Amino acid sequence: MAADLPRYRYNAAFADTIEVKWQNHWEANGTFEAPNPAGPLAEPDKVAGRPKLFVLDMFPYPSGAGLHVGHPLGYIGTDVFARYKRMTGYNVLHSLGYDSFGLPAEQHAIATGIHPRVNTESNIANMRRQLRRLGLGHDARRSISTTDEAYYRWTQWIFLQIFGSWYDESQEKARPIADLEAEYASGSRPTPDGRTWSSLSRNEQRKIIDSQRLVYLTEAPVNWCPGLGTILANEEVTAEGRSDIGNFPVFKRNMRQWMMRITAYADRLIDDLDRLDWPEPIKLMQRNWIGRSEGARVRFPSPAGEIEVFTTRPDTLFGATFMVLSPEHPLVDALTTPPQKSAVDGYRAAAAAKKDDERSDDSREKTGVFTGSYATNPVTGQDVPVWVADYVLMGYGTGAIMAVPSGDERDFAFARKYSLPIVATQRPPQEWFDARGIAANIDCSTWPEAYVGDGPYVNSKNASVSLESFTTVAEAKTAMNQWLESQGKGTSAITYKLRDWLFARQRYWGEPFPIVFDDDGNPHAVPDAQLPVLLPELADFKPQGLDPNDAVSEPIPPLARSKEWTTVELDLGDGQRTYRREVNVMPQWAGSCWYELRYLDPTNSQAFVDKDVERYWMGPQGPGHTGGVDLYVGGVEHAVLHLLYSRFWHKVLYDLGHVSSEEPFHRLFNQGYIQAYAYRDMRGQPVPANEVEERDGAYFFEGEEVAREYGKMGKSLKNIVTPDDMYAEYGADTFRLYEMSMGPLEASRPWNTRDVVGMQRFLQRVWRNVVDEDSGATRVTDEPASDDLRRALHKCIDGVGADMDNLRFNTAIAKLIELNNALTPYVTERGSCPREVAEPLAVMLSPLCPHMAEEIWHRIGHKSTITYESFPRADASLLASDTIEIPVQINGKVKYRINVAVGADQAATKAVAMADPKVIELLGGATPKKEVIVPGRLVNFVL
RNA sequence: GCCCGAGUGGCGGAAUGGCAGACGCGGCGGACUCAAAAUCCGCUGUCCGGAAGGGCGUGUGGGUUCGAAUCCCACCUUGGGCACCA
């Protein structure tokens, strides 16, 4: 019965009382407000003399479903780290804002008629409430939302900075577009057709300039769904080429779109990865996404004109025995001979019906058809047949390849299937033949597969070039590239998989473009004084649905509906004129490309961030350092897109001199995910996970056996557990502690509510050791602790500090539990708790469970917050003991343990071992063949 | 198909070349209680054995080493990512 419980028992109700009390106290006192060196939040005297630390969580979307227990994992981790670092003297900036534009709010608005802003703001309010109750030490003044007009004013401003720039390849940086125009005007840069700048019409000049901007309009291939009136992502298109929603036809076609020239930064985005403190797998994913490949463009003469291919292996050109064109390649018609026409047309029709990822399925057998024509290999002069195959995609390289079956697995399989010639260009090493059980030879008819790697070149010379003196790919590539260039048959080239970023959406709930068009269709920047360009109020947020089968219609986005908004009178230097506004909006990525910068200076109305403030929090920390956020924590799902787009925007801002850091995120840490079990009944319907019982390894719901699966938490799987459930049952401190104790931060793990109670029991024991449960009085006294307890304390301090530095909160918690387990019998026996243990224990606990620590801190007599107390330092003299127990092994197996003096050398250690009666017995009079004695570690006798 | 992770008690995990299983959950036994809950104490990898003690054990099979959960090779399972990228 609750009435029988001690009045000051630490339980959920009591935790709720103190947690809410301290959350209110911290808020009222601005406990976590971080001072800036300059600008509106400047408190220079508080900044002086402290190192800085900028800790950042990935920007959350305020979902209408609210948080489940998986969401705060990273937020708790960064909070523990930030709180720990405050205790070691750092000026820590930690805040959290909301990435609040986006599709779900818009779809909610379409469904309900409620304005997306209303819905978005209530979602944010709910998420703020859930997170506040967690006790996160955020600087609330810095919490911005991308939908704030004061925020997206600067998103638009940055867009205009990018729009107002071009990439100067010679300087390898972005520069203002005015510089480019000045170069044309002065004649230092020739115009494309050689006419003088001043002889061009204004429209001609505009075309030249606009085509070089970092943001530009171009025809780009998209999935156009006229029935929905919008463009769809690949994943929104079904295998049948219809829309997921509404089942309307989808047409793949080119449409005029805003693009961002991220490809201009491809090399820097790859190269600067080397200077970042990121997990290697993430760097690898970015490198692969950018996909830099160095090779050559080679031209093969053919009856239909030259066919250009890109190859990464120009050194194998002598082995190119056929060519393959993508079915969409423009020369296919001209190359197809009359007898082959029906076969080629049929193949092309079949390929057109397939989706790219289907064509990209490597397990699928390669298919193709012969065009009937031959091209000429430019190094051998031989005729090579030209085929069409759907595994070659038009979107990559030139849409045509030279096939070298001896050196490429796909080409090899294709050549075998269609009996095309295979000529070796390199001799594989002997081991290669041995491993495949065939005699070494360069007759590929005996080879079971292609050979890829270094090896002496064979069959690789003509009258003017020979590769046969080379043994490595790199040397041969260089030589072949030189020859191709000297003969005018090709050029060395680098291609990238990365493509420019499609930056327009036919939606309502996004940032409007600060762009207007004149009567000639030329885009102009909206003057800075007129930012932000606000979203117009609308009654209906849906894109205009059109005739579902009209493939050539143009989208009518929601913003186009407001006639008084789309038309605007402006004076852009040519007098007052009428312009029409851009009616697309920006993608959700825009707002998340620079949010970390706004946390630094959230209220600045003069600049997106004060330069001194940016330099302080994010500037380079030494020569060659990129600068950027000191710790960025988030899930691996953003490995490519968000992290690449933000890096790109940041580099543009750096080039234009707006920021001092070259990279936005210096150190990246990928947290794991919390997942959960879900259960389905016989019909495959999810059943409530919290009502499932386990018996003998099987699972039952209402008496019927159900199947268990493991995966995400979600409403539809009926396995959601929310932070609110945890606050009600255990309190925030227990919840925080449990999430941190489940495993290392980077690991994914299953949620198990049943296990949470262990952390609550731990906090109860701590509480009871310091406070009398019946009276609420402190049990802390100034009596000194015993030597043993003091040693346990310092061992704990030493270990916990190291674990916190390395984000190893799970083992830090285990060490704190051990200390408390040592303290418990001590307090039970004496009825009091030594202050010299209670205080450091409270301080060490405070990053993890700040409310209880703050409560204890005040109950034992302190008046100010525990937040800025110094983290305790271990006394080295108390860490060492006089003797140490080490194992004695016989043949590498532990048989016995001996105690030796700390610092004993090999001889002394051996002497102790050999003198021990048990060791003598184990040796049984034999003389060891070998003795391995590692001082301080072990003794091993090999008999 | 390719790339990158991960496989340790009944469960989450600890140990990153030197004592496998810290800490927590669960389970078993005990104390307190009329009883139950809560709390506290003890035990808890597995096999053989009455015990003392011993054998075996980190997905599987090999290898390196005095010594391997840890390093190397091959395979299996599983999670994530994806691009036939020429």
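Basis of the calculations
Every chain's residues receive numbers from 1 upward, in the order its sequence appears when written. Both sets of labels track the order of writing: A upward for chains, 1 upward for ligands. Per-residue local features are limited, in this predicted model, to residues with pLDDT of at least 70; the limit for side-chain atom pairs, both in listing and counting, is 80 or more; totals at the level of whole chains, interfaces and linings are taken over all residues. Hydrogens are left out, water is left out, and the side-chain values use all remaining heavy atoms of the structure. Helical segments are the DSSP runs of H or I of at least four residues, strand segments are the runs of E of at least two, and each set is numbered from the N terminus. Scored from 0 to 100, pLDDT reflects the predictor's confidence in each residue. Nonpolar cores are built from buried Ala, Val, Leu, Ile, Met, Phe, Trp, Tyr and Cys residues. Side-chain atoms within 4.5 Å join them into one set. Working definition: with a 1.4 Å probe on protein chains only, accessible area under 20% of the residue-type maximum means buried, over 50% means exposed, and in between means partly exposed. Contacts are residue-level and defined by heavy atoms, with any inter-residue pair within 4.5 Å sufficient. For Phe, Tyr and Trp, where Trp contributes only its six-membered ring, two rings pair if their centres lie within 6.5 Å, and the inter-plane angle classes them as stacked under 30 degrees, edge-to-face over 60, or tilted in between. In this scheme, the term charge over a ring applies when either NZ of a lysine or CZ of an arginine sits within 6 Å of the ring centre and within 35 degrees of the ring normal. Positive charges come from Lys and Arg alone, negative charges from Asp and Glu alone, with His and the N- and C-terminal ends not counted. Should a side-chain nitrogen of Lys or Arg be within 4 Å of a carboxyl oxygen of Asp or Glu, the pair is scored as a salt bridge. Paired strands, as defined in this entry, are two strands with at least two bridges between them according to DSSP. Axis lines are fitted to C-alpha atoms, over the contacting stretch for helices. Their N-to-C directions set the angle, which ranges from 0 to 180 degrees. Here the word oblique covers every angle except those under 35 degrees (roughly parallel), over 145 (roughly antiparallel) and from 65 to 115 (roughly perpendicular). Put simply, Ala, Val, Leu, Ile, Met, Phe, Trp, Tyr, Cys and Pro go in the nonpolar bin, Asp, Glu, Lys and Arg in the charged bin, and everything else, Gly too, in the polar bin.

## Here we look at the environment of proline 378
Here is step 1 of the chain: Mapped onto the elements of the fold, proline 378 is located in the loop between strand E11 (369-376) and strand E12 (383-388).
Here is step 2 of the chain: Each C-alpha atom, one on proline 378 and one on tyrosine 167, is 35 Å from the other, the two residues being 211 residues apart in sequence.

## Concerning the confidence of the model for chain A
Here is step 1 of the chain: With 97% of its residues at a pLDDT of 70 or more, chain A has an overall mean of 88.
Here is step 2 of the chain: Strand E2 (residues 91-94) holds the highest mean pLDDT among the elements of chain A, 97, whereas helix H13 (residues 356-359) holds the lowest, 58.
Here is step 3 of the chain: Overall fold confidence (pTM) sits at 0.89, and the ipTM for the predicted complex is 0.93.

## Considering the nonpolar core
Here is step 1 of the chain: One finds Phe159, Phe503, Phe608 and Trp649 to be the most contacted residues of the largest nonpolar core, which totals 91 residues.
Here is step 2 of the chain: For phenylalanine 503, the residues in contact, after removing those within four places along its chain, are Phe159, Trp258, Met259, Met260, Phe513, Val585, Met586, Pro587, Ala590 and Trp649.
Here is step 3 of the chain: Of all hydrophobic cores here, the second largest spans 88 residues; its members include Phe735, Trp767, Leu789 and Val827.

## Points about the packing of aromatic side chains
Here is step 1 of the chain: Counting across every chain of the model gives 44 aromatic pairs.
Here is step 2 of the chain: Plain terms: the ring middles of tryptophan 258 and phenylalanine 517 are 6.4 Å apart, the flat faces sit at 35° to each other, and that makes the pair tilted. Of the two residues, tryptophan 258 is situated in strand E7 (residues 251-260) and phenylalanine 517 in strand E16 (residues 515-517); the sequence distance between them amounts to 259 residues. The same class applies to tryptophan 258 and to phenylalanine 517, which are both buried.
Here is step 3 of the chain: The residue whose ring lies beneath arginine 153 is tryptophan 154, and the NZ or CZ to ring-centre distance is 4.0 Å.

## As for the side chain of glutamate 739
Here is step 1 of the chain: With respect to the helices and strands, glutamate 739 occurs in helix H23 (residues 732-741).
Here is step 2 of the chain: Arginine 749 provides the closest opposite charge to the buried, salt-bridge-free glutamate 739, at an N-O distance of 6.8 Å.
Here is step 3 of the chain: Non-local contacts of glutamate 739, meaning those with residues more than four positions away in its chain, are made with Val69, Pro72, Leu73, Ile76, Ile674, Arg749 and Trp751.

## Description of the sheet that holds E12
Backbone hydrogen bonds are what pair the strands of a sheet, in a parallel or an antiparallel way.
Here is step 1 of the chain: If you walk across this open sheet you meet the four strands as E11-E12-E10-E13, and the pairing is mixed. Edge positions in the open sheet fall to E11 and strand E13 (400-403), since each of these has one partner strand only. Within this sheet the neighbouring strands show an average axis-to-axis angle of 25°, counted without direction.
Here is step 2 of the chain: Sitting on the sheet, helix H12 (residues 341-352) is in contact with E11 and E12, with an inclination near 110° to E11.

## Structural notes on the packing of helix H3 (residues 73-86) against H23
Here is step 1 of the chain: Running from N to C, H3 and H23 point in directions that differ by 100°, and their axes come no closer than 10 Å. One finds that H3 runs roughly perpendicular with respect to H23. Touching Leu73, Ile76, Gly77, Asp79, Val80 and Arg83 of H3 are Phe735, Arg736, Glu739 and Met740, all from H23.
Here is step 2 of the chain: Along the lines of polarity and charge, the residues of the contact of H3 with H23 split into five nonpolar, one polar and four charged.

## Overview of the pattern of salt bridges
Here is step 1 of the chain: Scanning all chains against the criterion turns up 54 salt bridges.
Here is step 2 of the chain: Here arginine 292 ties to aspartate 271 by a salt bridge, and the two come within 2.9 Å at their closest N and O atoms. In this pair, arginine 292 is assigned in the loop between helix H10 (280-290) and strand E8 (293-300) and aspartate 271 in helix H9 (residues 266-271), connecting sequence segments 21 residues apart.
Here is step 3 of the chain: Where glutamate 746 meets arginine 808, a salt bridge forms, and the shortest distance between an N and an O atom there is 3.9 Å. Of this pair, glutamate 746 sits in the loop between H23 and strand E27 (749-750) while arginine 808 is found in the loop between helix H25 (787-805) and helix H26 (809-830), placing the two residues 62 residues apart along the sequence.
Here is step 4 of the chain: Via salt bridges that share partners, Asp272, Arg275, Arg647, Lys651, Glu662 and Glu663 belong to a single interconnected network.

## A look at the pairing of strand E10 (residues 322-325)
Here is step 1 of the chain: Burial along E10 is two-sided: the residues Phe322 and Val324 and Met323 and Leu325 are all buried.
Here is step 2 of the chain: As judged from the four bridges shared by E10 and E13, these two strands associate in the antiparallel manner. Residue pairing for E13: methionine 323 is matched across the bridge by methionine 402.
Here is step 3 of the chain: Examined bridge by bridge, E10 and E12 share three bridges and lie parallel to one another. Considered in E12, the bridge of valine 324 is made with tryptophan 387.

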